Amino acid sequence: MTLLLKLYFMFFQIGLFSFGGGYVMLPMIAQQIESSALIPMEEFPDLLALSQMTPGPIAINAATYVGFRSGGLLGAFFATLGVITPAVILILLLLKIMARYHKSGVVSALLYGVKPVTVGLIMIAAVYFFERSIFKGVVFSGDILKMGLSFFNLPLLIIFVAVLVLAWKGKVSPIILTVASGAAAALIL
Amino acid sequence: MGKKSSKKLLHNSYLVRRFRIYVQRGRIRKTNLFQLFVAFLKVGSITFGGGYAMLPFIYREIGSKRRWLDDDELLDVLTIAQSVPGAIAVNSAFLIGYRKNGITGALISVFGVVLPAFLIIVSIMLFFLTIREITWIRNFMTGIITASAALIFMSGAKLSSRVFRDYNLINIAIGIAAFLMVGLFDINVIWLISAGLLYGLIRHLAGFKTELSVKQIVQEKVEDDDSTP
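Report follows, based on the coordinates.

A word on the overall build of chain A
Next up, step 1: Within chain A, the regular secondary structure consists of 8 helices and 0 strands.
Next up, step 2: Listing the helices and strands of chain A from first to last along the sequence gives α-α-α-α-α-α-α-α.
Next up, step 3: The buried share of chain A, taken over its 189 residues, is 56%.
Next up, step 4: Taking contacts inside chain A between residues at least 6 apart in sequence as the whole, the part at least 24 apart equals 53%.

Written out as structure tokens, the structure is:
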């Protein structure tokens, strides 16, 4: 029971402070996973990989993953419910008071203030996963000195650059790039 | 006689018009709950990556295909969905369902949009932990994480070019500070988001006009996403 409540409120917090879309939430989800110790931190990149491969919002995927992993089906249900609840409450509140406050511009002013923070957070997520995959996680853990020249993975770096170019210039669909990268890595590595 | 019938005709056509409006309103307000559920089940099960990638699809499904809401109403929905935290697809589902069938419709729509992700993750989790250590699975996952890093970097670059477009030095400093605080000192993200909200509030109270309206932001998002299907 306490586990279910813990899951609910952990994802309630994540839902309450998630502005700017899925990727922006990733650092917060990572911090919450680390401090709650509900699932091992090594699984966090797997969580991202599964979210990318499966349909649906990242927040829902993450809540279901962490909830199911630590509390079974009920855990998944409560975590997912938790991540949705704040938005539902706030939307209903906003609909009630909207006529008055939306015009005054408070809401868009608040969002304007959060925007620069979300840029910093999304870049953190990018650097974190770049380091985890291409540098095998040794840069942040401080093991880089012991590794010699084998500290980074050249094929993965090539995949990274290829995805960047194809998504940006070639406008190739993200899901195709994601699955193709997985297949390429499975074949090469 | 002629006068009377034309008056009657006028009266009739007035009634017909009101009735049409009434019926249309009725149709706009109420949709079959099952249809609502199916529409969002589709939205939730086809769109990958989540977030803004879902928006064009929601537009197509609810707007141009089913004509449940017109463009203005959809823009309203997105404006509000943007204004509160949480997944944009879930927020949009709630608002569209609410507009059509009240709170019941809202909850049914959210249930529909969330269900596919929930079921798929649960069914993967049934066997994932036993296969995650297999070498080629491990490598497959690593490849996906690498691709994700590139995609996240790209969306971060797009976001920053938009947010920092006005070369406002305070905003750029906040962005860099947020990056360093989490990256180097592992400051809780919740504090940083709260600080951002506070900064927006102070700006507002100090009389600064917010240059970008939410509507503009939403439109830009949708334009962005049209280019990446």
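Next comes the rest of the account.
Let's talk about the packing of helix α2 (residues 22-36) of chain A against helix α5 (residues 106-134) of chain A
Residue and element names in this part refer to chain A.
Next up, step 1: Orientation of α2 relative to α5, taken along the N-to-C sense of each, is 70°, at an axis distance of 8 Å. Comparing their axes, α5 and α2 come out roughly perpendicular. Along the contact surface, α2 presents Y23, V24, L26 and P27, while α5 presents T118, L121, I122, I124, A125 and F129.
Next up, step 2: A per-class count over the contact of α2 with α5 returns 9 nonpolar, 1 polar and no charged.

Comments concerning the packing of aromatic side chains
Residue and element names in this part refer to chain A.
Next up, step 1: Per the stated rule, a full pass over the model turns up 12 aromatic pairs over all chains.
Next up, step 2: Ring geometry for F130 versus F160: centroids 4.7 Å apart, planes at 70°, classification edge-to-face. With a gap of 30 residues between them, F130 in helix α5 and F160 in helix α7 (residues 154-168) connect regions that are remote in the sequence.
Next up, step 3: Overall, F160 belongs to the buried group, its relative accessible area being 10%.
Next up, step 4: Counting every residue linked through ring pairs, the aromatic cluster contains Y8, F9 and F12.

A look at the pattern of salt bridges
Next up, step 1: Per the stated rule, a full pass over the model turns up 7 salt bridges over all chains.
Next up, step 2: Between R69(A) and E43(A) there is a salt bridge, and its shortest N-O distance comes to 2.7 Å. Pair noted here: R69(A) is in helix α4 (residues 58-104) and E43(A) is in the loop between α2 and α3 (44-53), with a separation of 26 residues, a long-range link.
Next up, step 3: On the accessibility criterion, R69(A) (29% relative accessible area) is partly exposed.
Next up, step 4: Close ionic contact of E133(B) with R132(B) constitutes a salt bridge, the shortest N to O distance being 3.1 Å.
Next up, step 5: The class of R132(B) is buried, set by a relative accessible area of 10%.
Next up, step 6: Among the charged side chains, a network of salt bridges with common partners joins D46(A), R132(B), E133(B) and R138(B).

What counts, and at which threshold
Residues numbered from 1 in each chain as written. Chains lettered and ligands numbered in written order. Predicted model: local features only at pLDDT ≥ 70, side-chain atom pairs only at ≥ 80, totals over all residues. Heavy atoms only, no water. Helix = DSSP H or I, 4+ residues; strand = E, 2+ residues; numbered from the N terminus. Buried < 20%, exposed > 50% of the residue type's maximum accessible area, 1.4 Å probe, protein only. Contact = heavy atoms within 4.5 Å. Axes fitted to C-alpha atoms, helices over the stretch in contact; angles between N-to-C directions. Parallel < 35°, antiparallel > 145°, perpendicular 65-115°, else oblique. Nonpolar A, V, L, I, M, F, W, Y, C, P; charged D, E, K, R; others polar. Phe/Tyr/Trp six-rings, centres within 6.5 Å; stacked < 30°, edge-to-face > 60°. Salt bridge = Lys/Arg side-chain N within 4 Å of Asp/Glu carboxyl O.

It is worth stressing that arrangement in space is one thing and function is another; only the former is reported here.
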